[in-house]
Amino acid sequence: EEEFDRDVAEDLGLLQFVRLRKHHWLVDDAWFCDRITVQGPGACAEAAFPCYRWVQSEDILSLPEGTARLPGDNALDVFQKHREKELKDRQQIYCWATWKEGLPLTIAAESKDDLPPNMRFHEEKRLDFEWTLKAGALEMALKRVYTLLSSWNCLEDFDQIFWGQKSALAEKVHQCWQDDELFGYQFVNGANPMLLRRSTSLPSRLVLPSGMEELRAELEKELQNGSLFEADFILLDGIPANVIRGEKQYLAAPLVMLKMEPNGKLLPMVIQIQPPNPSSPIPTLFLPSDPPLAWLLAKSWVRNSDFQLHQLQYHLLNTHLVAEVIAVATMRCLPGLHPIFKLLIPHIRYTMEINTRARTQLISDGGIFDKAVSTGGGGHVQLLRRATAQLTYCSLCPPDDLADRGLLGLPGALYARDALQLWEIIARYVEGIVHLFYQRDDVVRGDPELQAWCREITEVGLCQAQDRGFPVSFQSQSQLCHFLTMCVFTCTAQHAAINQGQLDWYAWVPNAPCTMRMPPPTTKEDVTMATVMGSLPDIQQACLQMAISWHLGRRQPDMVPLGHHKEKYFSGPKPKAVLNQFRTDLENLEKEITARNEQLDWPYEYLKPSCIENSVTI
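Since the structure is predicted, the reported quantities are computational estimates derived from the model, not experimental observations. (Residues numbered from 1 in each chain as written. Predicted model: local features only at pLDDT ≥ 70, side-chain atom pairs only at ≥ 80, totals over all residues. Heavy atoms only, no water.)

### Examining the pattern of salt bridges
So, point 1. With the rule as written, the count across this model stands at 28 salt bridges.
So, point 2. We note a salt bridge from D585 to R428, for which the minimum N-O separation is 3.5 Å. Pair noted here: D585 is in helix α19 (residues 573-597) and R428 is in helix α12 (residues 414-437), with a separation of 157 residues, a long-range link.
So, point 3. A relative accessible area of 43% places R428 in the partly exposed class.
So, point 4. Linking E590 and K608 is a salt bridge whose minimum nitrogen-to-oxygen distance equals 3.9 Å. Of the two residues, E590 sits in helix α19 while K608 sits in the segment after α19, which places them 18 residues apart along the sequence. K608 shares its class with E590; the two are buried.
So, point 5. Linked by salt bridges that have partners in common, D113, R120, E123, R126, E130, E353 and R357 make up one network. (Salt bridge = Lys/Arg side-chain N within 4 Å of Asp/Glu carboxyl O. Helix = DSSP H or I, 4+ residues; strand = E, 2+ residues; numbered from the N terminus. Buried < 20%, exposed > 50% of the residue type's maximum accessible area, 1.4 Å probe, protein only.)

### Topic: the domain arrangement of the chain
So, point 1. The domain architecture assigned to the chain consists of domain 1 (1-66) and domain 2 (71-146 + 157-196 + 292-518 + 538-617).
So, point 2. Here the C-alpha centre of domain 2 lies 34 Å away from the C-alpha centre of domain 1.
So, point 3. Looking only at domain 1, the three residues that lose the most surface to domain 2 are F17, Y52 and W54, adding up to 37% of its buried area.
So, point 4. At the surface where domain 1 touches domain 2, the tally comes to 0 salt bridges.
So, point 5. Across the contact surface, domain 1 and domain 2 share 3 residue pairs in polar contact (both at pLDDT 80 or more).
So, point 6. Within the residue set of the side of domain 1 that touches domain 2, elements represented by two or more residues are β2 (31-39), β3 (46-55) and β4 (60-64).
So, point 7. No other element matches β3, which puts 5 residues into the side of domain 1 that touches domain 2. (Domains from an automatic or database assignment. Buried area = accessible area lost by both parts, 1.4 Å probe. Polar contact = N/O pair within 3.5 Å; in protein donor to acceptor, adjacent residues only side chain to side chain.)

### Structural notes on the packing of aromatic side chains
So, point 1. Considering all chains together, one arrives at 24 aromatic pairs under this definition.
So, point 2. Where Y52 meets Y569, the ring centres are 4.8 Å apart and the plane angle is 50°; that geometry is what we call tilted. Within this pair, whereas Y52 is found in strand β3, its partner Y569 is found in the loop between α18 (539-553) and α19, the two being separated by 517 residues in sequence. Accessibility assignment for this pair places Y52 and Y569 in one class, buried.
So, point 3. Linked through ring pairs, W152, F158, F162, W177 and W508 together constitute an aromatic cluster.
So, point 4. The ring of F79 is capped by R69, whose NZ or CZ atom sits 3.9 Å from the centre of that ring.
So, point 5. Seen from the ring of F286, K524 lies directly overhead, with NZ or CZ sitting 5.8 Å from the centre. (Phe/Tyr/Trp six-rings, centres within 6.5 Å; stacked < 30°, edge-to-face > 60°. Lys NZ or Arg CZ within 6 Å of the ring centre and 35° of its normal.)

### Here's the deal with the sheet that holds strand β7 (residues 197-198)
So, point 1. In space, the 5 strands of this open sheet follow the order β7-β8-β11-β12-β13, with antiparallel pairing throughout. Whereas interior strands pair on both sides, the edge strands pair on one side only; in this sheet they are β7 and β13 (285-286).
So, point 2. Here strand β12 (residues 266-272) runs beside β13; their pairing, made up of 2 bridges, is antiparallel. Residue pairing across strands places I271 opposite F286, the latter belonging to β13.
So, point 3. Strands in contact with helix α4 (residues 180-189) are β8 (228-232), β11 (255-260) and β12; relative to β12, the strand with the most contacts, it is inclined by about 95°.
So, point 4. Helix α6 (residues 292-333) contacts β11, β12 and β13 of the sheet and is inclined by roughly 90° relative to β12. (Pairing = 2+ DSSP bridges. Contact = heavy atoms within 4.5 Å. Axes fitted to C-alpha atoms, helices over the stretch in contact; angles between N-to-C directions.)

### Regarding the pairing of β12
So, point 1. The buried fraction of β12 is high, at 7 of 7 residues.
So, point 2. In the sheet, β11 pairs with β12 via 6 bridges, with the strands oriented antiparallel. When the bridges of β12 are listed, K259 appears paired with L267.
So, point 3. The turn linking β11 back onto β12 is made up of 5 residues, and G264 within it adopts a positive phi angle of 90°.

### Considerations on a negative patch on the surface
So, point 1. A contiguous patch of negative charge on the surface is contributed by E1, E3, D5, D7 and D34.
So, point 2. Within the secondary structure, D7 sits in the segment before β1 (17-21). (Patch = residues over 30% accessible without salt bridge, like charges linked within 9 Å, V, L, I, M, F, W, Y side chains within 5 Å. Areas by Shrake-Rupley, 256 points an atom, 1.4 Å probe, with all protein chains shown as cover. Lys, Arg positive; Asp, Glu negative; His and termini not counted. Charge placed at Lys NZ, Arg CZ, Asp CG, Glu CD.)

### Remarks on the side chain of T485
So, point 1. With respect to the element layout, T485 can be found in helix α15 (residues 477-499).
So, point 2. The class of T485 is buried, set by a relative accessible area of 1%.
So, point 3. Every residue in contact with T485, bar those within four places of it in the chain, is listed here: W423, I426, A427 and V430.

Laid out in structure tokens, this is it:
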């Protein structure tokens, strides 16, 4: 990183633009320019011209002074001309594409090399990403060699591959994964805290056969007390399972009923692995009192189903793909002078490239899902379509989502508590910026660029999502602030909560098996250790799961914590003061969470502000 100073003898007066060009020499090596600042003579204020782009070839970049400006109606205004030309150029560069019908649109790029240069990983990020993939492949190869002549007949045999890159919490999971208490805990504070809901009635799919009157009475009692909860994986029903190396894999759509004890522990009461169907109108119900291996296998089916919904619905769709829609719409509709562009641009860093890599390596034909995951081979796309049809605006906003699921005020629900506090902090930050530029509701309504951005997200990127509560226009400051809070929260805190847990909860493969290799059990007495081991992933699948969990869940070396981006897109003291207050609020929450976690056996770290990345980058 270098700084260059240049003295100009004459007074340049009030500067509106700076033009920047890099001369082409023997090698066309692009330069990345952060910003240009101009200090006038005497007590003149410093003028800043943010860039944060690549300067390459013989292109001339025209950089406007960094004060944020709303669009005007004066066609002769130089700033208005600039923003119109900028958007026209960007709309040629940032184009929409359909990866799969029925899913949100993506950036038009067949591979990472097709992406606009300003959306690419910088060198440090690229080298680290590619090195860790190679390191993971080497670790997998070593584990395969190490286990070549070993048995794979009992759960302890998974210890043979449980070495290498893993976290302290993963070691605790290894020790306690069979406990019912930890099974229940994961629905609240694990890798996927998004599915659990408080029951308002007994689910219609829960068919209780004769002889289970005592269970019905227990369920009814918990229901009346408001302490009955459920996790229903019905979205998986009928999804075709993968075939891996010629071997058929299996999927289920379980239902789990759980009770909250007075001490705050969430314990499973009954598991129905498959919903009723004509050939099995009364499916087998599995209970904690069943033979231990039968109960363990039933819980393993639930954990496998949770793996599928977590990775596809709540991780890929609700964070990555939504963040990409926000990113592409922002580049297409909001010029660099727009205050909302300046607010959002730090939160879309690297998102287009990480998603493009996912579409070419993770969920592509022959990718990692096809090699190791039971929804691979096409089922994952069908599941994503179903999840997209259910994606609502409210589901992306924790105050609405947690209220809808009946989880507000739930003791021990650390994701819920931290998410609500972060939502409030982000909302105050967003409101602080918005109110600097939109003093009245009619200013919001009269901003054509802002309204076009809203329509681009809802009608184009999310494919007519107004039927699912997404706005097609902003009518007030409060409506705009709520939507922007959702955008920033999704690209930062929500992704952190959903992504980081992979390292802790998925490294010990039996706790969250990526695939199941035998059909779900229909009887309890016939379940043996051979049934359990024949159902769980084989060595190759388990090694791949461990490697990818580390690669995706670890802290990134060039990670930028929430609110701590170095780029200075705004000029002037007022936006800076709003950002500084945001950072102070985050520091106070950090101290609060750190003090709380010191008192816990299972600390919840994923929403500590220092652990939240400023954008979706992995």
